[in-house]
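Chains, contacts and geometry: an overview
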Amino acid sequence: MGNEDSLDKLASKLGSDDSTSNDASAGNRGSLVAVRRFVYTLATLCLFGVSASLLIQITTRSVNIGVQGLGALAQLLTVWMSFLVIGNLEFEDKHIEIDYFVNKLPESIRRIVGITIIALCVVWAGGVLYSAFLAVQVSIDSTIPTLGVPAASLHASPLIGMSLLVIAYLMKMKSCVENVVSGGDSLD
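Residues numbered from 1 in each chain as written. Predicted model: local features only at pLDDT ≥ 70, side-chain atom pairs only at ≥ 80, totals over all residues. Heavy atoms only, no water.

Residue position: Q57 is located in helix 2 (residues 22-62). Setting aside residues up to four positions removed in sequence, Q57 forms contacts with L70 and G71. (Helix = DSSP H or I, 4+ residues; strand = E, 2+ residues; numbered from the N terminus. Contact = heavy atoms within 4.5 Å.)

See the structure below:
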């Protein structure tokens with residue numbers, strides 16, 4: 001039930017203006033569910049790929065058969081899995097929040113601190129996204145030697161994960177600013 005609540009919350013943020021109908025909100029929610037499932041399916045496939053490649057690597061080493069590239073493949077899949085999950089967790093508002101001290105602040109200061117933290121997160125995630133974009137450009141003509149796949153495939157995962165993260169942060173920033181302007185009680 002927690003997934004549905006967070007998706008309802010996210011869908012309501014997407015369709016927060018009064019001119020949006022329930023059908024549009026349901027369409028947004030359906031799109032978010034489809035994206036979430038697709039990203040988690042890819043991350044799950046990456047996890048199985050990591051497990052399989054490491055199992056094959058261990059098995060082949062124990063019988064003195066060297067298979068090149070299994071470690072690099074596991075690394076590549078782990079990077080993909082990590083960035084896909086990072087972006088998705090923020091989209092669903094399931095990240096770890098360490099806000100003990102922020103919650104001790106007065107409400108007016110807490111709002112400012114909350115918006116500042118989200119703004120810093122947007123800048124950080126945008127920096128990682130930009131760096132990933134530059135890395136893809138630089139590595140477009142090179143390959144990962146042990147796998148023979150384009151090196152850009154390694155750097156494309158942060159593009160996807162950080163894009164999801166930046167979008168989620170911007171939506172959260174919009175919601176927080178609207179809440180502060182309207183005089184709401186919290187930053188959620």
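Viewed as axis vectors pointing N to C, helix 5 (residues 107-138) and helix 6 (residues 152-182) meet at an angle of 160°, and their least axial separation amounts to 8 Å. Relative to helix 6, the element helix 5 is oriented roughly antiparallel. In the crossing of helix 5 with helix 6, the sense of the turn from one axis to the other is left-handed. Partitioned by chemical class, the residues of the contact of helix 5 with helix 6 number 26 nonpolar, three polar and two charged. (Axes fitted to C-alpha atoms, helices over the stretch in contact; angles between N-to-C directions. Parallel < 35°, antiparallel > 145°, perpendicular 65-115°, else oblique. Left-handed = near helix turned anticlockwise from the far one by under 90°. Nonpolar A, V, L, I, M, F, W, Y, C, P; charged D, E, K, R; others polar.)

Moving on to a nonpolar patch on the surface. On the surface, F38, L42, L45 and F48 cluster together into a nonpolar patch covering about 430 Å² of accessible area. As for its position among the elements, F38 is in helix 2. (Patch = residues over 30% accessible without salt bridge, like charges linked within 9 Å, V, L, I, M, F, W, Y side chains within 5 Å. Areas by Shrake-Rupley, 256 points an atom, 1.4 Å probe, with all protein chains shown as cover. Salt bridge = Lys/Arg side-chain N within 4 Å of Asp/Glu carboxyl O.)

This part takes up the packing of helix 3 (residues 70-91) against helix 6. Two elements in contact, helix 3 and helix 6, have axes separated by 8 Å at closest approach and are oriented at 10°. With respect to their mutual orientation, helix 3 and helix 6 come out roughly parallel. For the contact of helix 3 with helix 6, the residue count by class is 18 nonpolar, five polar and two charged.

This brings us to the environment of W80. With respect to the helices and strands, W80 occurs in helix 3. Linking W80 and A156, residues 76 residues apart in sequence, is a C-alpha distance of 8.3 Å. With residues up to four places along the chain from it excluded, the contact list for W80 reads C46, S153, L154, A156, S157 and I160. A polar atom in the side chain of W80 sits 2.7 Å from the backbone oxygen of S153. (Polar contact = N/O pair within 3.5 Å; in protein donor to acceptor, adjacent residues only side chain to side chain.)

A positive phi angle is found at N64, which is not glycine, with a value near 60°. Mapping N64 onto the fold places it in the loop between helix 2 and helix 3.

Right, let's talk about the UniProt feature "transmembrane region" (unreviewed entry) in the protein chain for a bit. This chain's UniProt record puts "transmembrane region" (unreviewed entry) on residues 38-58, 70-91, 112-140 and 152-171. Taken end to end, residues 38-58 is 100% helix and 0% strand, and its first and last C-alpha atoms sit 30 Å apart. Helix makes up 100% of residues 70-91 and strand 0%. Its end C-alpha atoms lie 32 Å apart. (UniProt positions renumbered as here; feature names shortened; annotations may be inferred.)

Per-residue pLDDT for the protein chain has a mean of 78; in total, 80% of the residues score no lower than 70. By mean pLDDT, helix 1 (residues 2-14) is the weakest element of the protein chain at 48, and helix 5 is the strongest at 87. (pLDDT = per-residue confidence, 0-100.)

Moving on, we come to helix 3. The end-to-end C-alpha separation of helix 3 is 32 Å, in line with the 32 Å expected for 22 residues at 1.5 Å each. Looking one or two places after helix 3, you find D93, whose phi comes out positive at around 60°. (Expected span 1.5 Å × (residues − 1).)

A general tendency of soluble globular proteins is for nonpolar side chains to be buried together. Grouped together as the largest cluster of nonpolar side chains are 17 residues, with contacts concentrated most on C46, W80, L84 and F91. Tallying contributions element by element places helix 3 first for this core, with seven residues. Membership of the second largest hydrophobic core comes to 10 residues, among which are I118, V122, Y169 and C176. (Core = buried A, V, L, I, M, F, W, Y, C linked by side-chain atoms within 4.5 Å. Buried < 20%, exposed > 50% of the residue type's maximum accessible area, 1.4 Å probe, protein only.)

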